[in-house]
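# Coordinate inspection notes
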Amino acid sequence: MIDKVTSLDRALKKVKNGQIVMTGGFGVPGTPFCLIKGVLDKGVCDLTLIKNEANEAGLGISLLIEAGRVKKLITSHLGLNARVIEMMNESLIDVEFFPQGILAEKIRAGGAGLLGIITDIGIDTILCRDRQAAHVHGRQGLIEPSLRSDIALIHASRADRAGNLIYEKSARNFNPLMAMAGDLVIAEAETIVETGQIPPDEVHTPGAFVDHVVLIETLMPEYGVLKHHVH
Amino acid sequence: MIDKVTSLDRALKKVKNGQIVMTGGFGVPGTPFCLIKGVLDKGVCDLTLIKNEANEAGLGISLLIEAGRVKKLITSHLGLNARVIEMMNESLIDVEFFPQGILAEKIRAGGAGLLGIITDIGIDTILCRDRQAAHVHGRQGLIEPSLRSDIALIHASRADRAGNLIYEKSARNFNPLMAMAGDLVIAEAETIVETGQIPPDEVHTPGAFVDHVVLIETLMPEYGVLKHHVH
Amino acid sequence: MSIDPKSDPKRKIAMRAAKEIKPGQVINLGIGIPTLIPEFLGKDMSLTIHSENGIIGAGKSSGPARADRNLIDAGGTYITTVLGAAFCDSSVSFALVRGGRLDLAFLGALEISEKGDLANWIIPGKFAPGIGGGMELAQKAKRLVITTTHATKNASAKILKKCTLPLTASACVDMIITELAVIKVSRNGLVLKEISEETDLETVIGLTEAPLIISDDLTRF
Amino acid sequence: MSIDPKSDPKRKIAMRAAKEIKPGQVINLGIGIPTLIPEFLGKDMSLTIHSENGIIGAGKSSGPARADRNLIDAGGTYITTVLGAAFCDSSVSFALVRGGRLDLAFLGALEISEKGDLANWIIPGKFAPGIGGGMELAQKAKRLVITTTHATKNASAKILKKCTLPLTASACVDMIITELAVIKVSRNGLVLKEISEETDLETVIGLTEAPLIISDDLTRF
């Protein structure tokens, strides 16, 4: 039987300086804090990160950025992380912004083995300055090249040994897209069940896309509720 | 409470001559036979159909094609329908073929509000004759414009009154993609449950994409096992 | 109920904005003022609230007792879901927006032009937190209502002949709701449809750079 | 076990093709000869079989008793699934193929060139049932093995210097397995690695139009 469950160390063995690393999550939900901590502890640097946002200061990928390990961040919005905005303004990190759904589509296109997508989002804005134009359906569009990564770090609620993943509530977000778009896909899971325990119709990410599954031994405090967002 | 459940007649009210109609299904599984029969009974013609294949002779959309109601079929493979191939060879119907996964992506792109995708599939084949080229990631690609339709006919295993859909096993195929790509999306369901009965994490197609839900009163014989495919 | 625009402009705007929502619609509430809108909706209004992070059928804020670590809205607030909700990934979430299934979106603004152009994402050199979902919401919602204070804190106009900041999207705004006025974007320009009980025409015109066409049936709100 | 290529060429091919599969791989079995391959696999081989219609983890044919109206493979046959299977939509199914997660695909052929070009989907004016999933499998599987009878019924060569039919994909074939020979596609041309027990070099060369480089370690199968 296929068994993709391994230790954090072995899962991160191929993570190296200079790589492109995608990280799931939209805020806390779906952010793979254990795997990110593992990358931080490994000491790798010169990373290019791809994530919806940069978490908040002192949390998640912000730790990697604050530690100077990230040369470039490809993202959508940093509104909740003044520290990373400051680093961006001081040119301590290169940041590339995309409209949120276009970022999702670029990653999905990478996962689907497409070269890119053509969209009209941003057509009348400064975004079209550095984008190739394309004429489709009699309309002007912009070419958005697909995005892939060396490594994809995924957070799942449940996994089986074959690597099938299930996400919970708003923790799904970018995870299933990135789980298709990494050359090496590493998923952390809150629970690991025996293969066969996840009904095939309920799988969110088929195991064939996943290389390693790591059990989250203890749910660290950063996975919990952020008090300042409770209203 | 939102209630999208309606009768077959009312659901098909806006189906008209000359429209583009997408139909889910890959072989029997996922083909909305009830809705197709409804369209047949309505007598509309000059349709452009989009479906993975043409079912088999005497079954599903083949009935519409054989009845001369379809001027054009956009599809992937007709290997199991000699009658439609014959009609194509006799120019009784215009057929446009796409690689199967590219057909899926074109429909998905339509559903996602994209103008198109760029792929290298078919790059060294006769497919590139009538396609626009694009240069992305330093590589040559072909532009595949997105596909949308006036009507999408969807088969679901289970629906709730809000239009949330669940598909079963290999009956999923093109259904979730087409359920995003129709201007009017009509789903037939084998079972309809009260809203709230489908766990939000298990929904395959969110109800916001679906306009009408029709209960399949009785599962007609065509939904059953095709004896000649049992080995 | 009337809210004083001076003491509580945001709630004044939200109360008026709530009236733009029709039963059964799929809507998106941007960050800031729009999040106050649900307070002013009828209890039995059947409605689907979309949140960019993959929620179709968002409910109210959770409050401390019900906060779920896996359930936030796009602004980060812990929320609940309604019966019939569905979770999806970020690509499907925006497929709903760009695919034309979002009936109505509310967004804030830095500047709006008389043609309905919107600028709300960047002040070059000063404010550049990113793009987020706003560009797609602005460009693709079937109807876009801007909720914003009528002018800046320094009483500079936000409703201009032409935007000076980089655009979020061009010709995307259908209606502007401020604490002072309700303005419809039409082919002929901006039509002043309503002014608040607590202001007068001169004040509104004085705080608006773009020319306003005064509606024949101008009403108070 | 040896199978006579004359009496049962297809099973001879399938038996040899089975040896190309390594434990743990994700594979796709095209229509025709490849569907015979599972018969020759070790029972405990851990393997993920992909079917284009959205099955990752396909199992054996169902037989009449277990046939499920919602569970067919891409060829239409009622099948079963293995433990750990997942269903997905057609876009995800092909994302797996084009995204580089398919380790090995087996396809049939009308023509193969010495450069590894494949033609198997159309004979203009005669045979044009469509494209199906073959083009993507041929172009994107990490490894492509062609399973085909060595020549046509009229003893015309299928393995040619250059394909005459429209291509499915160029330079995509890694290995050709026929009832007579196992041929590896290399940068220098086609390398004859194995010939069947029941044939000889002259026969194989006679039925092959493309030049064959005879491997130093030519073996029998």
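In this text the structure is predicted, and so the values were computed from the model without any measurement.

Within chain C, the secondary structure is distributed over 5 helices and 13 strands. If one aligns the C-alpha atoms of chain C with their principal axes, the spans along those axes are about 50 × 40 × 30 Å. Every one of the 221 residues in chain C was classed for burial, and the buried ones make up 61%. Partitioning the intrachain contacts of chain C with sequence separation of at least 6 by distance along the chain shows that 62% fall at a separation of at least 24. Carbon together with sulfur atoms contributes 51% to the accessible area of chain C, which is approximately 9000 Å² in total. For chain C, the separation between the mean place of its 26 positive charges and that of its 24 negative charges on side chains is 3 Å.

Another point: the overall build of chain A. Secondary structure summary: chain A contains 6 helices and 11 strands in total. Scaling as 2.2 N^0.38, a compact globule of 231 residues should have a C-alpha radius of gyration of about 17 Å, and chain A matches this with 18 Å. Dimensions along the principal axes, computed over C-alpha positions, put chain A at roughly 50 × 40 × 40 Å. Looking at chain A residue by residue over its 231 residues, the buried ones come to 65%. Long-range contacts, defined here as pairs at least 24 residues apart, represent 73% of the contacts in chain A between residues at least 6 apart. Here chain A carries 23 positive and 28 negative side-chain charges, and the mean point of each set is 3 Å from the other.

Counting 84 residues, the largest nonpolar core has Leu118, Leu144 and Val173 of chain C together with Leu118, Leu144 and Val173 of chain D as the members making the most contacts within it. The contact partners of leucine 144 of chain C, leaving out residues within four places of it in the chain, are Ala105, Leu107, Leu118, Ala138, Cys172, Val173, Asp174 and Met175 of chain C.

Time to look at the pairing of strand 11 (residues 181-186) of chain D. Residues and elements named next belong to chain D. Note that strand 10 (residues 175-177) and strand 11 share 3 bridges and pair antiparallel. Within strand 11, the position partnered with isoleucine 177 by the bridge is valine 182. Following strand 10, the chain reverses through 3 residues before pairing antiparallel with strand 11. Pairing geometry for strand 11 and strand 12 (residues 189-195), over 6 bridges, is antiparallel. Each residue of the ladder has a partner; that of valine 182, found in strand 12, is glutamate 194. In sequence, strand 11 turns back onto strand 12 through a hairpin of 2 residues.

Once that is clear, we can look at the side chain of lysine 51 of chain A. When you line up the elements, lysine 51 of chain A lands in the loop between strand 2 (47-50) and helix 3 (61-66). Residues contacting lysine 51 of chain A, with those up to four places away along its chain left out, are Thr23, Gly24, Gly25, Phe26, Gly27, Thr31, Ile61, Ile74, Thr75, Ser76, Leu103 and Met178 of chain A.

Let us look at the interface of chain A and chain C. The partner chain C presents 41 residues to the 47 residues of chain A that form the contact. Linking chain A with chain C are 4 salt bridges, by the criterion used here. Across the pair aspartate 120 of chain A and lysine 140 of chain C runs a salt bridge, and its minimum N-O distance is 2.8 Å. Our count for the contact surface shared by chain A and chain C stands at 21 residue pairs in polar contact (both at pLDDT 80 or more). Element by element, the count of residues in the side of chain A that touches chain C is highest for helix 5 (residues 100-111) of chain A, at 6 residues. Looking at the side of chain A that touches chain C, its residues break down into 25 nonpolar, 13 polar and 9 charged.

Taken together, the contact between chain B and chain A spans 29 residues of the former and 29 residues of the latter. Of the roughly 2300 Å² buried where chain B meets chain A, counting both sides, 52% is carbon and sulfur surface. On the chain B side of the interface with chain A, the three residues burying the most area are Leu115, Ile118 and Asp201 of chain B, jointly 31% of the side's total. Seen at the junction of chain B and chain A, the total is 2 salt bridges. With its nearest N and O atoms 2.8 Å apart, the salt bridge here joins glutamate 105 of chain A to arginine 108 of chain B. Where chain B packs against chain A, one counts 18 residue pairs in polar contact (both at pLDDT 80 or more). Those elements that provide at least two residues to the side of chain B that touches chain A are helix 5 (100-111), strand 6 (116-119), strand 7 (133-136) and strand 8 (139-145) of chain B. In terms of residue count, the dominant contributor to the side of chain B that touches chain A is strand 8 of chain B (5 residues). Class assignment of the residues belonging to the side of chain B that touches chain A gives a composition of 11 nonpolar, 9 polar and 9 charged. Summarising the sheet, strand 5 (residues 116-119) of chain A and strand 6 of chain B pair through 3 bridges and their orientation is antiparallel. Bridging across to strand 6 of chain B, isoleucine 118 of chain A finds its partner in glycine 116 of chain B.

Take empty space enclosed by the protein next. If you walk through the whole model with that rule in mind, you get 3 cavities of 30 Å³ or more. For the largest cavity, the calculated volume is near 580 Å³. Forming the boundary of the largest cavity are 33 residues, of which Arg172 of chain B, Asp89 and Val92 of chain C together with Asp89 and Val92 of chain D lie nearest the centre. Every element with two or more residues in the lining of the largest cavity is listed here: helix 6 (175-181) of chain A, helix 6 (175-181) of chain B, helix 3 (90-98) of chain C together with helix 3 (90-98) of chain D. Partitioned by chemical class, the residues of the lining of the largest cavity number 17 nonpolar, 6 polar and 10 charged. Considering only enclosed or pocket space, the second largest cavity measures out at about 40 Å³ in volume.

A word on the packing of aromatic side chains. Counted by the stated rule, this structure contains 2 aromatic pairs over all chains. Consider the rings of phenylalanine 33 of chain A and tyrosine 223 of chain A, whose centres lie 5.1 Å apart with planes at 90°: the pair is edge-to-face. A residue pair is termed long-range when its members are at least 10 positions apart, and phenylalanine 33 of chain A in helix 2 (residues 33-42) and tyrosine 223 of chain A in the segment after strand 11 (212-215) qualify at 190 residues. We classify phenylalanine 33 of chain A as buried; its relative accessible area is 3%. Over the ring of phenylalanine 221 of chain C we find lysine 12 of chain C; its NZ or CZ atom is 5.0 Å from the centre of that ring.

Residue and element names in this part refer to chain C. Spatial strand order, 7-6-9: 3 strands in an open sheet with mixed pairing. Among the strands making up the open sheet, the edge pair consists of strand 7 (118-119) and strand 9 (159-160). By the bridge criterion, 2 bridges tie strand 6 (residues 111-113) to strand 7 in an arrangement that is antiparallel. Note on strand 7: the bridge partner recorded for glutamate 111 is alanine 119.

Here we come to the pattern of salt bridges. A full pass over the atoms with the stated rule returns 54 salt bridges over all chains. In this structure, lysine 37 of chain A and aspartate 41 of chain A form a salt bridge, with 3.0 Å as the shortest nitrogen-oxygen distance. You can see lysine 37 of chain A and its partner aspartate 41 of chain A sitting in helix 2, 4 residues apart, about one turn around the helix. The exposure class of aspartate 41 of chain A is exposed, given its relative accessible area of 56%. Two residues, aspartate 3 of chain B and arginine 161 of chain B, come together in a salt bridge whose shortest N-O distance is 2.9 Å. Highlighted residues: aspartate 3 of chain B in the segment before strand 1 (5-6) and arginine 161 of chain B in the loop between strand 9 (149-160) and strand 10 (165-166), separated in sequence by 158 residues. Via salt bridges that share partners, Glu105 of chain A, Arg108 of chain B together with Arg98 and Glu136 of chain C belong to a single interconnected network.

Attention shifts here to helix 5 of chain A. All names here are of chain A. Between its terminal C-alpha atoms helix 5 stretches 17 Å, which fits the 16 Å expected from 12 residues at 1.5 Å a residue. Among the 12 residues that make up helix 5, 12 are buried, leaving the element largely enclosed by the rest of the structure. Taken as a whole, helix 5 has its buried residues at Gln100, Gly101, Ile102, Leu103, Ala104, Glu105, Lys106, Ile107, Arg108, Ala109, Gly110 and Gly111. Glycine 113 sits one or two positions beyond helix 5 and adopts a positive phi of about 70°.

For the pair helix 5 of chain A and helix 3 of chain C, the least separation of the axes is 9 Å and the interaxial angle reads 125°. The angle between the axes of helix 5 of chain A and helix 3 of chain C places the two elements in the oblique class. Viewed along their axes, helix 5 of chain A and helix 3 of chain C form a crossing whose handedness is left-handed. Every residue of helix 3 of chain C that contacts helix 5 of chain A at Gln100, Gly101, Ile102, Ala104, Glu105 and Arg108 of chain A is listed here: Ser90, Ser91, Phe94 and Arg98 of chain C.

Conventions used here
Residues numbered from 1 in each chain as written. Chains lettered and ligands numbered in written order. Predicted model: local features only at pLDDT ≥ 70, side-chain atom pairs only at ≥ 80, totals over all residues. Heavy atoms only, no water. Helix = DSSP H or I, 4+ residues; strand = E, 2+ residues; numbered from the N terminus. Buried < 20%, exposed > 50% of the residue type's maximum accessible area, 1.4 Å probe, protein only. Contact = heavy atoms within 4.5 Å. Areas by Shrake-Rupley, 256 points an atom, 1.4 Å probe, with all protein chains shown as cover. Lys, Arg positive; Asp, Glu negative; His and termini not counted. Charge placed at Lys NZ, Arg CZ, Asp CG, Glu CD. Rg over C-alpha atoms; globule rule 2.2 N^0.38 Å. Core = buried A, V, L, I, M, F, W, Y, C linked by side-chain atoms within 4.5 Å. Pairing = 2+ DSSP bridges. Salt bridge = Lys/Arg side-chain N within 4 Å of Asp/Glu carboxyl O. Polar contact = N/O pair within 3.5 Å; in protein donor to acceptor, adjacent residues only side chain to side chain. Nonpolar A, V, L, I, M, F, W, Y, C, P; charged D, E, K, R; others polar. Buried area = accessible area lost by both parts, 1.4 Å probe. 1 Å grid on protein atoms, 1.4 Å probe; cavity = no way out; pocket = protein on both sides within 12 Å on 5 of 7 lines; lining within 4 Å. Points joined across faces, edges and corners; volume = space filled by probe spheres on them. Phe/Tyr/Trp six-rings, centres within 6.5 Å; stacked < 30°, edge-to-face > 60°. Lys NZ or Arg CZ within 6 Å of the ring centre and 35° of its normal. Expected span 1.5 Å × (residues − 1). Axes fitted to C-alpha atoms, helices over the stretch in contact; angles between N-to-C directions. Parallel < 35°, antiparallel > 145°, perpendicular 65-115°, else oblique. Left-handed = near helix turned anticlockwise from the far one by under 90°.

The values reported here are purely geometric and, on their own, carry no functional implication.
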